[in-house]
Amino acid sequence: MLLPAIPQFRRKRGGPKKANSTAPPGPTPLTLVSAIYDPDALTLLLTFDRPINAAGIIYETVLVVDAQFQHQYLIPSDWFGPDASSVEFLLGATEVASGSGVHLNIAEGNGIVAAADGQPWPGCTNLLLPFP
């Protein structure tokens with residue numbers, strides 16, 4: 001009589017164990033929570049959801065189109081940080097604007113980053129002011 005062969009290695013019951021595929025979450029994007037334009041003082045105040053570093057700001061990336069009050073394009077000439085999560089720009093007029101309302105355009109790569117992790121702010125396009 002023939003006896004069945006005994007396997008050298010025993011199989012484990014159940015399927016292969018799956019590796020835990022949950023990766024740690026990446027950094028959250030820097031988010032603009034408020035944008036206030038003052039046409040009388042010619043200032044623009046941007047407030048973010050956490051502390052920022054605006055030391056690398058590129059002025060040419062910031063543009064306020066004020067067709068409602070001043071009928072001019074305004075770009076920053078200087079800035080300061082009233083608190084850790086805000087930056088305020090002093091604006092200068094450049095030329096006549098067309099259209100209506102007041103809009104903010106800040107290009108990507110503008111130099112505003114989160115202070116803790118260096119996460120860049122992606123900017124905004126045609127953001128109606130005041131925001132929110």
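Just above sits the structure.
What you see is a predicted model; the values in this text were computed from it and never measured.

*Asks:* Quick one: what's the story with the nonpolar core, residue by residue and with numbers?
*Replies:* Core analysis: the biggest nonpolar cluster contains 25 residues, and Leu44, Leu46, Phe48, Val64, Leu104, Ile112 and Trp121 have the highest contact counts within it. For this core, the elements supplying multiple residues, two or more each, are strand E1 (32–38), strand E2 (43–48), strand E4 (62–66), strand E6 (86–96), strand E7 (102–106) and strand E9 (124–128). The contacts of Leu104, once residues within four sequence positions are left out, are Ala35, Leu44, Leu46, Val62, Leu63, Val64, Cys124, Thr125, Asn126, Leu127 and Leu129.

*Asks:* Mind laying out the pattern of salt bridges, listing which residues take part and the relevant values?
*Replies:* Inspection of the entire model under this criterion finds 2 salt bridges. A salt bridge links Arg50 to Asp49; the shortest N-O distance between them is 3.6 Å. Residues Asp117 and Arg50 are paired through a salt bridge, measuring 4.0 Å at the closest nitrogen-oxygen approach. Pair noted here: Asp117 is in the loop between strand E8 (113–114) and E9 and Arg50 is in the loop between E2 and strand E3 (52–53), with a separation of 67 residues, a long-range link. Overall, Arg50 belongs to the buried group, its relative accessible area being 17%. A single network of salt bridges, built from pairs that share partners, joins Asp49, Arg50 and Asp117.

Thresholds applied
- Residues numbered from 1 in each chain as written.
- Predicted model: local features only at pLDDT ≥ 70, side-chain atom pairs only at ≥ 80, totals over all residues.
- Heavy atoms only, no water.
- Core = buried A, V, L, I, M, F, W, Y, C linked by side-chain atoms within 4.5 Å.
- Buried < 20%, exposed > 50% of the residue type's maximum accessible area, 1.4 Å probe, protein only.
- Helix = DSSP H or I, 4+ residues; strand = E, 2+ residues; numbered from the N terminus.
- Contact = heavy atoms within 4.5 Å.
- Salt bridge = Lys/Arg side-chain N within 4 Å of Asp/Glu carboxyl O.

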